[in-house]
Each structure stands twice: as structure tokens, then as C-alpha cells.
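A look at the structure
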Amino acid sequence: MPIITSDQQAQQIRDKADRARHRIWIASPFVGSWSNVKRILGVSWTRKRLDIRLMTDVENFAYLNRETLEVFGYHGELRSLRGLHAKLYIIDGELLLTSANLT
């Protein structure tokens, strides 16, 4: 299992999101600005009919970007899990379990 930098990880997520055909599911307690999320996920997923889900802790509002949450809510499903700490990125049939928030 290789160790990769945060930039390499962001690029891997971006490559997978650009090729997504079925789903993008993300769990992250911290959700950054829309400009940062676009850098990580791109925007091609917003033009596709995918199963989009974002799980975060909406009670932790100090670490959430409202605009980004609105985009996810518009394109898919937004759920809250109090005390969420996990960071998961599921894109089609692949899973990335990481310590990287969606920031």
C-alpha cells in the first residue's frame, strides 16, 4: 500500500470523480469552501445523474461551508451524523478511507 501526499490524494479523488458513472458518497465532518471542493472533486459530477450523498455533522457548523452544503443538497442527499469523525470517499465501486476532510 503506497503512502501518498495530500495533493496526490486530491488528484486521485478528482480523477475518480471525473470518471464516476453511478455514485459519489462522502463522509466528512469538515466541509470546505465550494472553490476548494471543486478543486478536489471537479464539477463534472454536477452535470451527471449520479447518486450523490454527503454525510457530515451539521451541528458542527463552524467547520461547514454553507454554499458547499447547498450544492450537495441540490444534487443529491445531505445527511447528518452527530459526532462524525470518519472520512470516506466512495466513488462507484471504490473506497478511500482517509484522514482527509473535504476541505
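This text goes with the structure placed above it.
Residues numbered from 1 in each chain as written. Predicted model: local features only at pLDDT ≥ 70, side-chain atom pairs only at ≥ 80, totals over all residues. Heavy atoms only, no water.

This next bit is on the packing of aromatic side chains. Applying the stated rule across the entire model yields 3 aromatic pairs. An angle of 80 degrees between the planes, with centres 6.2 Å apart, marks the rings of Trp34 and Trp45 as edge-to-face. Residue Trp34 is found in helix 2 (residues 34-41), and its partner Trp45 is found in the loop between helix 2 and strand 2 (51-56); the two are separated by 11 residues along the sequence. The buried category is assigned to Trp34, whose relative accessible area is 13%. An aromatic cluster is defined as three or more aromatic residues linked by ring pairs; in this entry it consists of Trp34, Trp45 and Phe72. Between the NZ or CZ atom of Arg23 and the centre of the ring of Trp25, over which it lies, the distance is 4.8 Å. (Phe/Tyr/Trp six-rings, centres within 6.5 Å; stacked < 30°, edge-to-face > 60°. Helix = DSSP H or I, 4+ residues; strand = E, 2+ residues; numbered from the N terminus. Buried < 20%, exposed > 50% of the residue type's maximum accessible area, 1.4 Å probe, protein only. Lys NZ or Arg CZ within 6 Å of the ring centre and 35° of its normal.)

Position of Arg23 relative to the elements: it lies in strand 1 (residues 23-27). Sequence separation of Arg23 and Leu50 is 27 residues, and the distance between their C-alpha atoms is 5.1 Å. The contacts of Arg23, once residues within four sequence positions are left out, are Leu50, Asp51, Ile90, Ile91, Asp92 and Gly93. Among the polar contacts listed, one links the side chain of Arg23 to the backbone oxygen of Asp92, at a separation of 2.8 Å. (Contact = heavy atoms within 4.5 Å. Polar contact = N/O pair within 3.5 Å; in protein donor to acceptor, adjacent residues only side chain to side chain.)

All chains considered together, the criterion is met by 6 salt bridges. The shortest N-O distance in the salt bridge between Lys16 and Glu94 comes to 2.9 Å. You can see Lys16 sitting in helix 1 (residues 6-19) and its partner Glu94 sitting in strand 5 (residues 94-98), a full 78 residues away along the chain. Taking the relative accessible area as the measure of exposure, Glu94 reaches 42% and is therefore partly exposed. (Salt bridge = Lys/Arg side-chain N within 4 Å of Asp/Glu carboxyl O.)

The next subject is the packing of helix 1 against helix 2. The contact between helix 1 and helix 2 brings their axes to 6 Å, and the two run at 75 degrees. If you check the angle between helix 1 and helix 2, you find them roughly perpendicular. Residues Ala10, Ile13, Arg14, Ala17 and Asp18 of helix 1 form the contact with helix 2, whose own contacting residues are Lys38, Arg39, Ile40 and Leu41. By residue class, the composition of the contact of helix 1 with helix 2 is 5 nonpolar, no polar and 4 charged. (Axes fitted to C-alpha atoms, helices over the stretch in contact; angles between N-to-C directions. Parallel < 35°, antiparallel > 145°, perpendicular 65-115°, else oblique. Nonpolar A, V, L, I, M, F, W, Y, C, P; charged D, E, K, R; others polar.)

In this structure, the largest pocket occupies an estimated 260 Å³ of space. Lining the largest pocket are 12 residues, and of these Gln12, Lys16, Leu95, Leu96 and Leu97 lie nearest its centre. Counting only elements with at least two residues in the lining of the largest pocket, the list comes to helix 1, strand 4 (87-91) and strand 5. Partitioned by chemical class, the residues of the lining of the largest pocket number 9 nonpolar, 1 polar and 2 charged. Of the pockets and cavities examined, the second largest pocket occupies roughly 190 Å³. Along the walls of the second largest pocket sit Trp25, Ile26, Ala27, Arg53, Leu54, Met55, Glu77, Arg79, Leu88 and Ile90, which together make up its complete lining. Every element with two or more residues in the lining of the second largest pocket is listed here: strand 1, strand 2, strand 3 (77-80) and strand 4. Its residues placed into classes, the lining of the second largest pocket shows 7 nonpolar, no polar and 3 charged. (1 Å grid on protein atoms, 1.4 Å probe; cavity = no way out; pocket = protein on both sides within 12 Å on 5 of 7 lines; lining within 4 Å. Points joined across faces, edges and corners; volume = space filled by probe spheres on them.)

The values are spatial; any link to function lies outside them.
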